[in-house]
Every structure is written in structure tokens, then in C-alpha cells.
Amino acid sequence: MATAKIIYGTAWKKERTTVLVVSAVLHGFRAIDTACQPKHYREDLVGAALKILQEEHGIKREELFIQTKYTPIGGQDLSQPLPYDPQTDIEMQIKTSVQTSLSSLHTTYIDSLLLHSPLRTLGQTLTAWRTLMGLQDSGVVRKISVSNTYDVAVLEALERDAGRHADVVQNRWYEGNGWDNDVWSYCQKHGIQYQSFWTLSGSPNLLHHPTICVLAAAKGCTPAQALFRIAQLHGVTPLSGTTKETHMDDAVATERLDFSDVQTSVAEIMQIVRP
């Protein structure tokens, strides 16, 4: 399927996960992000949503882009059931986590598998990455990816030392980290999809900037839509975790906005984001 321009994020949805994922897809989302991390995600309830979508609405698994994550033990809640045995080696942890994900999601393959973060050492990260490469070679995983990776040197090491670059990088992209310019630029240069989270909640000043507000008024959209569209036009695929159906509609409609006649305003915003 074509690369999605917007992705529905399922973190912190808890018991509402199923109904929200169903709603998001019925409102036009075709990409879903989750994780094998009970601390913040209900991957099993994403799977329940996928069954409902196929059985009750005729939306097949193949029509959707499903992305999940292997979360290292430091990101897991030890008081909850773990998706793998932390006493096993990294390779076995990842393979067990993936089998848990496949079962929870009722699927035979994963469109994108992310390392939820680099591991404690570069050596461990490379071991994990080579395991993902093997899963990709087997066809169980289509894209291999990383998240929360803000050091370009780590991305360079994946290709240099393991022999394969990431297909996707998913990071915070917001005013608090200067919009992650080094990694974002690296991804654009190397043809890596850059996915963003905290895009709206992390950039309140930008959302209230006069130029964004004027641009949104001129195009008949919301400031949030304007920021999402500017991101999309500059190689960023935003995640949206909204629980409101009207905002789901807004997010999906973003990629249809034509900003060709407001390029001066877009350039002004880009001067803030990428000075």
C-alpha cells in the first residue's frame, strides 16, 4: 500500500482502544501505530478492532498499515505481564515480542516493526537491529524501524556496522527539541520516512503563531491542520492520537489541503521550525 500521510496513534487509550481504532479507520485512517508494551498500549485491543473492521465492515488487513514496537525491558512495567522473558537474550526477546504481537493483532505479518528506543549500549542496539533484519528477510516484518532515536550517530551505525538503514524513524517533533532537525534532515537525505509525535501538543506557541493562524483562516482549516500539512509537505508523517471524531476527520483531510498559493506563509513557518 502507499505510504500513509497520517497515522493513528493508540498510546494511552486503555480500554477505549478498540472503539477508537474502529472509529479512526471508519473516518479514513489507514495506518495504525501500537506497541507490545502493556504499560502504555493495549495491542490486543488493536487486534480486536482489526477483527471488527474485517468482519463487520469489510476492511481487510491488507488495506491497513500496522506498526508495532519491541520495547526493551527498561520501558516495560514489571508489575504487568511481560510480552517476553527478560532473562533471555535480546534476539529471543525480540522474536518472542513479535510472536506476541502477531497473535494479539491477528495477523501473519507486521508492516513496520520499531525498536521502541536504542538499547543501553550500541552493541546491544546492533544486536537488536540484526534481529530485526532477519525478521525482515523472513517476510514477517516489512519495514524495520527505530523510535526515540535522537542521535544521528546511532542511525549511521545501523547502516555502517549492521549493513542496513532504518526504513522509518519515529521521534518527538516539537518546539521543545528544536523539531529534531539533525535526525529529520538525515532522514530526508537518506530516504527514510520520518514519523512525528507530540507534533501538536508539544508546539503550543507555533499553533498560536500569527502566521499559522492567518494561513489557516485563508485556507479554511484549523491551525492544527495547517501544521500537519506543513509537516507533510516537508517529509514528516504525523501521528494523531485524537479521541474526537471531528478531529479524526480533520486529520485525514489534511493531506488534501493545497498550500501552493500560500508559500510565503509556509516559508515563514519553516524559518521558525528550521532556521
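Residues numbered from 1 in each chain as written. Predicted model: local features only at pLDDT ≥ 70, side-chain atom pairs only at ≥ 80, totals over all residues. Heavy atoms only, no water.

Undergrad: Mind showing me how you'd approach the packing of helix α1 (residues 17-26) against helix α2 (residues 43-57) here?
TA: Packed helix pairs are specified by the crossing angle of their axes together with the interaxial distance, meaning the distance between the axes. The geometry of α1 relative to α2 is characterised by a closest axis approach of 8 Å and an angle of 45 degrees between their N-to-C directions. Classified by the angle between their axes, α1 and α2 sit oblique to one another. Along this stretch, α1 crosses α2, giving a crossing that reads as right-handed. When α1 is examined against α2, the residues T17, T18, V21, V22, V25 and L26 are found in contact with a partner set consisting of L45, V46, A48, A49, I52, L53 and H57. The residue makeup of the contact of α1 with α2, split by class, is 10 nonpolar, three polar and no charged. (Axes fitted to C-alpha atoms, helices over the stretch in contact; angles between N-to-C directions. Helix = DSSP H or I, 4+ residues; strand = E, 2+ residues; numbered from the N terminus. Parallel < 35°, antiparallel > 145°, perpendicular 65-115°, else oblique. Left-handed = near helix turned anticlockwise from the far one by under 90°. Contact = heavy atoms within 4.5 Å. Nonpolar A, V, L, I, M, F, W, Y, C, P; charged D, E, K, R; others polar.)

Undergrad: It is not clear to me how the pairing of strand β5 (residues 141-147) should be interpreted in this structure. Could you clarify?
TA: Consecutive residues of a regular strand have side chains that alternate between opposite faces of the sheet. Of all seven residues making up β5, five are buried, and the element is well covered by its neighbours. Bridge count between strand β4 (residues 110-115) and β5: five bridges; the pairing is parallel. Counterpart to S112 in the pairing with β5 is K143. In the classification by handedness, the crossover that spans β4, the intervening helix α4 (residues 122-138) and the parallel β5 is right-handed. Relative to strand β6 (residues 168-172), β5 runs parallel, the two sharing three bridges. Within β6, the residue paired with V146 across the bridge is V169. Remark: the β5/helix α5 (residues 152-162)/β6 crossover connection has right-handed handedness. (Buried < 20%, exposed > 50% of the residue type's maximum accessible area, 1.4 Å probe, protein only. Pairing = 2+ DSSP bridges. Right-handed = clockwise from strand over helix to strand, strands pointing away.)

Undergrad: Is there a simple way to explain the sheet that holds strand β7 (residues 193-197) in this structure?
TA: Hydrogen bonds between backbone groups are what pair the strands of a sheet, and the pairing can be parallel or antiparallel. Ordered by their spatial adjacency, eight strands build a closed barrel running β1-β2-β3-β4-β5-β6-β7-β8, and the pairing between neighbours is parallel. Each strand of the sheet is rotated relative to its neighbour by a mean of 30 degrees, with strand direction disregarded. Of the strand pairs in this sheet, β6 and β7 are connected by five bridges, and their pairing is parallel. Residue pairing for β7: R172 is matched across the bridge by F197.

Undergrad: What is the right way to read the nonpolar core from this model?
TA: For soluble globular proteins, nonpolar side chains are generally found buried alongside one another. Within the largest apolar cluster, 51 residues are counted, with the highest numbers of intra-cluster contacts made by I94, W129 and W173. In terms of residue count, the dominant contributor to this core is α4 (six residues). By size, the runner-up hydrophobic cluster in this structure holds 21 residues, among which are V22, F29, A49 and M248. (Core = buried A, V, L, I, M, F, W, Y, C linked by side-chain atoms within 4.5 Å.)

Undergrad: Is there a simple way to explain the pattern of salt bridges in this structure?
TA: Opposite charge on two side chains permits pairing when their charged atoms draw close. This model, assessed by the stated rule, comprises seven salt bridges. For K95, the salt bridge is made with E91, and the minimal N-O distance between the two is 2.8 Å. Of the two residues, K95 and E91 are both situated in helix α3 (residues 90-105); the distance of four residues between them amounts to about one turn of the helix. K95 gets classed as partly exposed once you look at its relative accessible area, which sits at 34%. For E91, a relative accessible area of 37% gives the class partly exposed. In this structure, the salt-bridge partner of D137 is R164, at a minimum N-O distance of 3.0 Å. Residue D137 is located in helix α4, and its partner R164 is located in the loop between α5 and β6; the two are separated by 27 residues in the primary sequence. (Salt bridge = Lys/Arg side-chain N within 4 Å of Asp/Glu carboxyl O.)

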